Structures are given as C-alpha cells and as structure tokens.
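What the coordinates show
Residues per chain are reported as follows:
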Amino acid sequence: MRIGIIGAGLGGLLAGASLIKLGHDVTIFEKLSYFGGRFTNFDKKGFGLSTGALHMIPHAEKGPLGTMLKELDTGVEIVYCKPEGYYRIDGKDYLQSELPGLFSIKDKAKILAIVASLKFGAAPDDATFREWLQKRIDNELVMQITDSFCGWGLSINADEISAREMIAITTNVNKLRGPGVPVGGCMGVTSALVRKIEEGGGKIHYKTPITKIKIEHGKATGLKTNEGNFDFDIVVSDIGPKETIKLAGPENFDQSLVSGIDKINESCGIKMSIACKKPMLGHPGILFTPQAKRIDGINEVTNADPFLAPEGMHLMMTHQRLNMGMGAKEEIELGLTDLRELFPDFDEHCEVLLVQTFKKGWPVNRSRSGESVSHQSGVDGLYFVGDGVKPSGWIETEGVAAGVKLVIDEIEK
Ligand SMILES: Cc1cc2nc3c(=O)[nH]c(=O)nc-3n(C[C@H](O)[C@H](O)[C@H](O)COP(=O)(O)OP(=O)(O)OC[C@H]3O[C@@H](n4cnc5c(N)ncnc54)[C@H](O)[C@@H]3O)c2cc1C
C-alpha cells in the first residue's frame, strides 16, 4: 500500500521503518530541515545537546521502544543505567530501596503497603494520584518524592494524573525497570531509523509541511504540500490529533472526539544543558531532587556515552515542570538557585550551555499521561501516532512506540 506519514519525529520514523519492513511504499513529509522532531541532537561547543528529550529510554531494551528497535534490526545500543537513580534528601543520596529507612516505623509500614500496591497493581481508583496517596499516608517528604518522580518522568504534578494511570505506569516500571541511554543519544535512535527507511526505499521530504489532508467520502486519500498533491491509501499522522484534525477539517470527525481533544493538556517543562569539567553525579542514572525548589531531577549521560561531550568533559541535564504559577524566566532563576544549592562547587566546574522551554506545540508531552485519545481517528485510513496518543501505562517514548505498534497491527489486519 502507498502510505503517507506526516512528521519525521520518533513516531513517524518508527511507523515508517515498521511499514517498510512489511513491504509498504512509504513517504514521510517533515516541515523542518531535519529528522527526529523532539528526539534528536544538535551540536553546541562539541556537546550533543537535544531538541527535546534527556537522551533516555525509560525501559531501556525491555520496553516497547527497545523491543521495536531490536525487531527492526537498527543496531541501536542502549546502555542500562546502573544505578537506575538516587534521591537526594538532606544533602545525602539514597537508592529507592533505601528510602523506607528514612521514615518512622508506622510510616515505613504504610510506605511498604503503598509500594506493594504500585508494584502489583492496586484496585482502579478515579482519584488523582495525590488524593490516592494522601488517603494512605500523611507525610510531606513522601509527597515531595512523588512530585519529583512525576515531574521528571511525566512533567506534571501528582495531582495532574489519575491514580489509575499512575498505577499502570508504576506496574510497568517495576516489571521492566530502566532507564537506559542510547549510544549517540536521541540521534543514535532516530538516525538509525532514517537509515532503515532509506535502505528500504522510503522517502523523506524535508522542509515540506503538509497543508491539508484530503478526505473523500469519509476516507483519507492524500496529502497536500507546497510541492504538490500526493495520493495515498493510508495516512499516518505524527503531529498530534489536534493539528491533524485541523488539517483534515473537523467536520470529518466524530464531534465527541473533536471536543474531547480540545480538553487535552500538554505537559510543559524547562531543560538546562550544562557543561561540566568533572563528573558532578558520577553515574548514568537519574538524581531525583525532591527537596529542590524547582528542579525535579538531573542526569549526566556522559557516564553512559562519553562521546556526548568533548573529551574529558561531561554533559549534565536538568528537568523541571513549567506552569507552577510563574513565568518561565522566574522558573529558570529558581532552577539555577537549585543547582547552586545542590552543588556548592557548581560555578567552579560548570557552565550552562543552553536553557530550553518546552510548551505550545513543542511541549514535553503533547498530552499528559492518562489524557491520550485512541490511535484511531474514526476516519477510514487515517491514524494518529506520537506522544499525543500514548496507550495507558506507557510513558514518553515507550508510549510513542506502543502506539505505533497498535497502528501497524491494525494496518496489517
Ligand atoms: C525536555 C524534554 C525531555 C524529554 N525527555 C525524554 C526522555 O529522556 N526520554 C523519553 O523517552 N522521552 C523524553 N521526552 C519526550 C520525547 O521527546 C517525546 O515523547 C517524543 O520525542 C515525541 O515524538 P513524536 O514523534 O510524537 O513528536 P515530535 O518529535 O514532535 O515529531 C513531530 C514531527 O512532526 C513535524 N511536523 C509538525 N507539523 C507538521 C506538518 N504540518 N507537516 C509536516 N511535518 C510536521 C514536526 O516538525 C516534528 O518533526 C522529553 C521531551 C522533552 C521536551
């Protein structure tokens, strides 16, 4: 079949490489001059900075993305983070397994019960995750730890996700573990997918925005670009359901889908990329920072792939949620204050290379976890992929890959 894909982000590239492997004729249209969307690298002073992601794959080789990259024979190598992470509390770093030891015997028992519910899947609950937790324990540090986990992994607070979705996520986290760092960072993944697409005869048109999705008699039949019109049997869109509906015309969709999509929220955030003359963390995992004013977590990916920085240097990245009630400028100032408090020798060894704010069409997640819609658009031959349509329980790029898998299975059927 002739398949047209809108967007060469991770979702579009995964869909393209998978469909080519199945023998389809694939053409991808990307409005920018480069592939990868929010999952690729660019160079600054010899450091491999990223257009979005923190160079991490949540479940390393074992999740939907790692599995798909292996099945596609991309050769992408993913370095497991050992340790997975630490939590900095009162100036000391603790492994997750050491955290219960910080609490009173009574709270420790409650925490172990909560951990068991999160590991083995508790009864579904429509409360927010914060409400769910507060019913089980009243402890400020537990809430701070939870918010830093949600902030780093999902770019939201514990009251912006349902308990149901959080339990689905933590069940997968406990089963599959992770994270991992792909060798070459984000671009190590997306460049391997582009290679597969090109080797398989697929085409990628850069600087070619789609301006219209052609719908005839309730079926997607083609795409309009500044280079002309293209006919397709199937259209896969990686630009998010909201933008896809605009390009196809809202009148072609079920109106409950259109109004549902209008209510979906992006998750927004701020990332700082920092050049370090010495390793500030000294391990490839995440440092969660529950007591910081704004920063939720930090990584230092050069402990997994030293080539993401010039020889002898390290790349550290921070992440913090946005929409905390202040403007981005004030949020960034608070983030910088955090860094100086977390690392008293910060100014001696570190230089902030870049601060990026992610919102409004270039967010951390196009839909908050648990708010996604289905990959099915309801229009014959038109499918959604990408982080606007993550299946329940899968975060970030794992959600992108799990969603692509559903679309590929359905096209094959
Ligand atoms: C700060 C930050 C940190 C993150 N950290 C991680 C992490 O460490 N690990 C992780 O797993 N995930 C992380 N993520 C999330 C991850 O980056 C995204 O889930 C993923 O990149 C989304 O890919 P996508 O294909 O859905 O969307 P995109 O990357 O946005 O791709 C969409 C593509 O469509 C193109 N496009 C848009 N409109 C048109 C049009 N009209 N015509 C043609 N092309 C068009 C865009 O230019 C873009 O290239 C992070 C994100 C951010 C912002």
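Residues numbered from 1 in each chain as written. Predicted model: local features only at pLDDT ≥ 70, side-chain atom pairs only at ≥ 80, totals over all residues. Heavy atoms only, no water.

This next bit is on the environment of Lys203. You can see Lys203 is positioned in strand 9 (residues 203-205). For Lys203, a relative accessible area of 45% puts it in the partly exposed group. As for Lys203 and Gly4, which are separated by 199 residues in sequence, their C-alpha atoms are 9.9 Å apart. Excluding its chain neighbours within four sequence positions, the residues that come into contact with Lys203 are Val26, Thr27 and Ile28. (Helix = DSSP H or I, 4+ residues; strand = E, 2+ residues; numbered from the N terminus. Buried < 20%, exposed > 50% of the residue type's maximum accessible area, 1.4 Å probe, protein only. Contact = heavy atoms within 4.5 Å.)

With that settled, consider the packing of helix 8 (residues 241-248) against helix 9 (residues 255-262). One way to put it is that helix 8 packs onto helix 9 with a least axis distance of 10 Å and a crossing angle of 135°. When the axes of helix 8 and helix 9 are compared, the pair comes out oblique. Crossing hand, helix 8 versus helix 9: left-handed. Here Pro241, Lys242 and Ile245 of helix 8 come into contact with helix 9, specifically with Leu257, Val258, Ile261 and Asp262. (Axes fitted to C-alpha atoms, helices over the stretch in contact; angles between N-to-C directions. Parallel < 35°, antiparallel > 145°, perpendicular 65-115°, else oblique. Left-handed = near helix turned anticlockwise from the far one by under 90°.)

Pairing within the open sheet is mixed, and its seven strands lie in the order 7-6-15-16-17-14-18. The sheet is open, and its two edges are formed by strand 7 (92-94) and strand 18 (350-358), each paired on a single side. The mean angle between the axes of side-by-side strands here comes to 25°, regardless of whether they run parallel or antiparallel. Two strands pair when backbone bridges link them, and strand 16 (residues 295-300) and strand 17 (residues 314-321) are joined in this way by five bridges, in the antiparallel orientation. Counted as the bridge partner of Ile295 is Gln320 from strand 17. Set on the sheet, helix 10 (residues 328-342) makes contact with strand 6 (85-89), strand 14 (269-276), strand 16, strand 17 and strand 18; between it and strand 14 the angle comes to about 40°. (Pairing = 2+ DSSP bridges.)

Under the criterion given, the structure shown has six aromatic pairs. Arranged with centres 5.6 Å apart and planes meeting at 20°, the rings of Phe129 and Trp132 form a pair that is stacked. Within this pair, Phe129 and its partner Trp132 are both found in helix 4 (residues 129-136), separated by three residues, close to a single helical turn. When its relative accessible area of 1% is taken as the criterion, Trp132 is described as buried. Taken together, Phe29, Phe230 and Phe232 form an aromatic cluster joined through their ring pairs. Over the ring of Trp132 we find Arg136; its NZ or CZ atom is 4.1 Å from the centre of that ring. (Phe/Tyr/Trp six-rings, centres within 6.5 Å; stacked < 30°, edge-to-face > 60°. Lys NZ or Arg CZ within 6 Å of the ring centre and 35° of its normal.)

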